[in-house]
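One-letter residues, chain by chain:
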Amino acid sequence: MKILWITNDLLPEAKSILSKQSCLVNGSGSWVYALYESIQNYAPETEIRIASVSKLVNKLTVISGKSAIYYVLPFEKGNSGVYNFKYEQYWLEIEGLYKPDVVHIHGSEYSHGLAYVKACGNSKVVVSIQGLVSVICNYMYGGIEKKVLKRCLTIHDILTRFTIGSQVKMMKKRGNLEIELLSSVKHVIGRTTWDKAHSFIINPSVCYHYNGENLRDEFYSDCWNYKKCTPHTIFMSQGQYAYKGLHNLIKALAIVQKFYPNVKLIVAGPNILRGGLLKSYLYSTCYGLYIAKLIEKYKLSQNIKFVGPLDAVGMKKQLLSSNIYVLPSYIENSPNSLGEAQLLGVPCIAADVGGVPDLISNQDCEVSYRFEDYELLAYHICQFFDKSKMFDNRGLREAAIERYDRKNNVKDLVNIYTDISKTLMDASYVYYENMF
């Protein structure tokens, strides 16, 4: 069976060949690479070629790597929210070269996937939902009043004109293209009640296929142990955007610090601070300045550390050494960082948003809370600092191991490909069988 993957990011091998330098498996797209590796291990008879968009080329480029054959399309302006017809010709060329049995579009966020459907049709296409920008755009301010953020405008914002408001406008444009894509296909792949519900609202006749995620290999081994962690440390995987909720975690931290003066918040991902208020006024974003002001207001500069982007090894090391993992986002589907923490057995606190309720058992040292209720978050953190000393994380890990079972997830995905390649399901059957 011949499968064409359409991904948002180049896999490391293709990126290394084009850039002529080694590229690490890192960032938000690393799960795609983890899935590809799993298919090579568990279903090597499935042939996959991978098409991606990149600024590293200025024409359609075919790369023969050791792992796969890659089709690299030049980046076009359409990926910023305006549909670009140039992609259609690239897809027609690739279709003629490969003639895949199934086309799997990973993510609905960018317009190049829609261009494939418009150029080549939808009969063998399936879209897997990652996040939904048409929904996320409604949460970009993270509950912060616009007038508050306007008072935090920086020189950087003025020069770049890249504010939260401009991001929302761009995401809404991309969201319109996303809705058009999901309305145009017959099959989607999801993993939570949240993405299933939104798939149905957008396209009531779509066939919804459940497929669990595969996470990075590093997180399937080792186990968190309280005796080996640093007590009273909290880990957050990224806080670059307001909807990720760092500001609410800082407010909770101010409460926790009264009871645990040595509490430490470790934040991975891009560092939105630039060192003090003055540098933040000059070089940071309005949200970065807002965070800097909160830290100064609550006198927490000694209680927060930004560690920058982490690869899988660094993320795993940080999770194992932390007392608690916290996900304070205003919206998520099924965040991989939460899954990675669960696989390792780290005590987890997560906002009850999007697809997260499907992932949290609310037992022992695993609990959810309403996203804006930072007082409740502070309470849970204080409780966990004490409860985690005796935490038996076997149940947490076993549930995660089952959810993220690589072999079963690959088997399910290959079965989905087989079903799509052999059968075009009747729309009325799909409606009643799959959405209710």
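Up top is the structure.
The structure displayed is predicted, hence computed values, not measured ones.

We now examine empty space enclosed by the protein. Taken as a whole and judged by the stated rule, the model has 1 cavity of 30 Å³ or more. Here the largest cavity is characterised by a volume of approximately 130 Å³. Residue lining of the largest cavity: 13 residues in total, with Trp31, Leu35, Asn211, Gly212 and Glu213 positioned closest to the centre. Elements with a contribution of two residues or more to the lining of the largest cavity: helix H2 (30-42), strand S5 (102-106) and strand S7 (187-190). For the lining of the largest cavity, the class distribution of residues is 4 nonpolar, 7 polar and 2 charged.

With that settled, the discussion passes to the environment of Tyr417. Relative to the helices and strands, Tyr417 resides in helix H17 (residues 406-422). Look at Tyr417 and you get buried, because its relative accessible area is 0%. C-alpha separation for the pair Tyr417 and Ile3, spaced 414 residues apart in sequence, amounts to 8.1 Å. Those residues in contact with Tyr417 that lie beyond four places of it in its chain are Met1, Ile3, Trp5, Val102 and His104. For Tyr417, the side chain forms a polar contact with the side chain of His104, separated by 2.6 Å.

Here we come to the packing of helix H10 (residues 246-259) against helix H15 (residues 374-387). Running from amino to carboxyl end, H10 crosses H15 at an angle of 50°, the nearest separation of the two axes being 8 Å. When the axis of H10 is compared with that of H15, the two are oblique. Judged by the twist between their axes, the crossing of H10 over H15 is right-handed. When H10 is examined against H15, the residues Asn248, Leu249, Lys251, Ala252, Ile255, Val256 and Phe259 are found in contact with a partner set consisting of Tyr374, Glu375, Leu377, Ala378, Ile381, Cys382 and Phe385. Counted by class, the contact of H10 with H15 contains 11 nonpolar, 1 polar and 2 charged residues.

All right, on to the packing of aromatic side chains then. Inspection of every chain in the model, using the stated rule, returns 10 aromatic pairs. Between Trp5 and Tyr36, the aromatic rings sit 5.9 Å apart at their centres with planes inclined by 75°, giving edge-to-face as the arrangement. Remark: Tyr36 occurs in helix H2 and Trp5 occurs in strand S1 (residues 2-7); sequence separation between them is 31 residues. Since its relative accessible area comes to 0%, Trp5 is described here as buried. Centroid distance Trp91 to Tyr116: 5.7 Å. Interplanar angle 80°. Geometry classified as edge-to-face.

Take the sheet that holds S1 next. The mixed open sheet is built from 8 strands, whose spatial order is S3-S4-S2-S1-S5-S6-S7-S8. Across the chains shown, the open sheet's two edge strands, defined by having one partner strand only, are strand S3 (61-64) and strand S8 (207-210). Pairs of neighbouring strands in the sheet enclose a mean axial angle of 25°, with direction left out of account. Of the strand pairs in this sheet, strand S2 (residues 47-54) and strand S4 (residues 69-74) are connected by 5 bridges, and their pairing is parallel. Following the sheet pairing, Ala51 is matched in S4 by Tyr71.

A word on the pairing of strand S9 (residues 233-236). The side-chain alternation of S9 yields two buried faces, one formed by Thr233 and Phe235 and the other by Ile234 and Met236. Summarising the sheet, S9 and strand S10 (residues 264-268) pair through 4 bridges and their orientation is parallel. If you follow Phe235 over to S10, its bridge partner there is Ile266. What joins S9 to S10 is H10, and the crossover it makes is right-handed. Bridging between S9 and strand S12 (residues 324-327) involves 2 bridges; their strand directions are parallel. Looking across to S12, one finds that Ile234 is bridged to Ile324.

Before going further, it helps to spend a moment on unusual backbone geometry. Not every positive phi belongs to a glycine, and Asn362 is a case in point at roughly 55°. Mapped onto the elements, Asn362 comes out in the loop between strand S13 (348-351) and strand S14 (366-369). Exposure remark for Asn362: the relative accessible area of 42% places this residue in the partly exposed category. Residue Asp364 is not a glycine yet carries a positive backbone phi of 50°.

Cut-offs used in this document
Numbering of residues begins from 1 in every chain and follows the order in which that chain's sequence is written. Local features in a predicted model are, by the rule used here, given only for residues with pLDDT of at least 70; side-chain atom pairs are given and counted only at 80 or more, and totals for whole chains, interfaces and linings are based on all residues. The side-chain numbers reported here are obtained from all heavy atoms of the structure, hydrogens and water having been left aside. Here a cavity means grid points, on a 1 Å grid over the protein atoms only, where a 1.4 Å probe fits yet cannot get out; a pocket means an open set of points with protein on both sides within 12 Å along at least five of seven lines; lining residues are those with an atom within 4 Å of a point. Grid points are joined across faces, edges and corners, and a volume is the space filled by probe spheres set on the points. Where helices and strands are cited, they refer to DSSP runs of H or I of at least four residues and of E of at least two residues respectively, numbered from the N terminus. Asp, Glu, Lys and Arg are counted as charged, while Ala, Val, Leu, Ile, Met, Phe, Trp, Tyr, Cys and Pro are counted as nonpolar; the rest, among them Gly, fall into the polar class. Exposure is judged per residue with a 1.4 Å probe applied to protein chains only, and the accessible area is read against the type maximum: over 50% gives exposed, under 20% gives buried, and values in between give partly exposed. Residue contacts follow a heavy-atom distance rule, with two residues in contact if any of their heavy atoms lie within 4.5 Å. What qualifies as a polar contact is a pair of N or O atoms within 3.5 Å, subject to a donor-acceptor requirement within protein and to the restriction that residues adjacent in sequence count only when both atoms come from side chains. Between N-to-C directions, angles span 0 to 180 degrees; the directions come from axes that are lines fitted to C-alpha atoms, helices contributing only their stretch in contact. Angles are sorted into four bins: roughly parallel if under 35 degrees, roughly antiparallel if over 145, roughly perpendicular if 65 to 115, and oblique for all others. Left-handed describes a crossing in which the near helix is turned anticlockwise from the far one by less than a right angle; the clockwise case is right-handed. Aromatic pairing here means that ring centres of Phe, Tyr or Trp (its six-membered ring) are within 6.5 Å. Orientation follows from the plane angle: under 30 degrees is stacked, over 60 is edge-to-face, and everything else is tilted. Only when DSSP finds a minimum of two bridges between them are two strands counted as paired. Seen with the strands pointing away from the viewer, any crossover whose path from the first strand over the helix to the second strand runs clockwise is right-handed.

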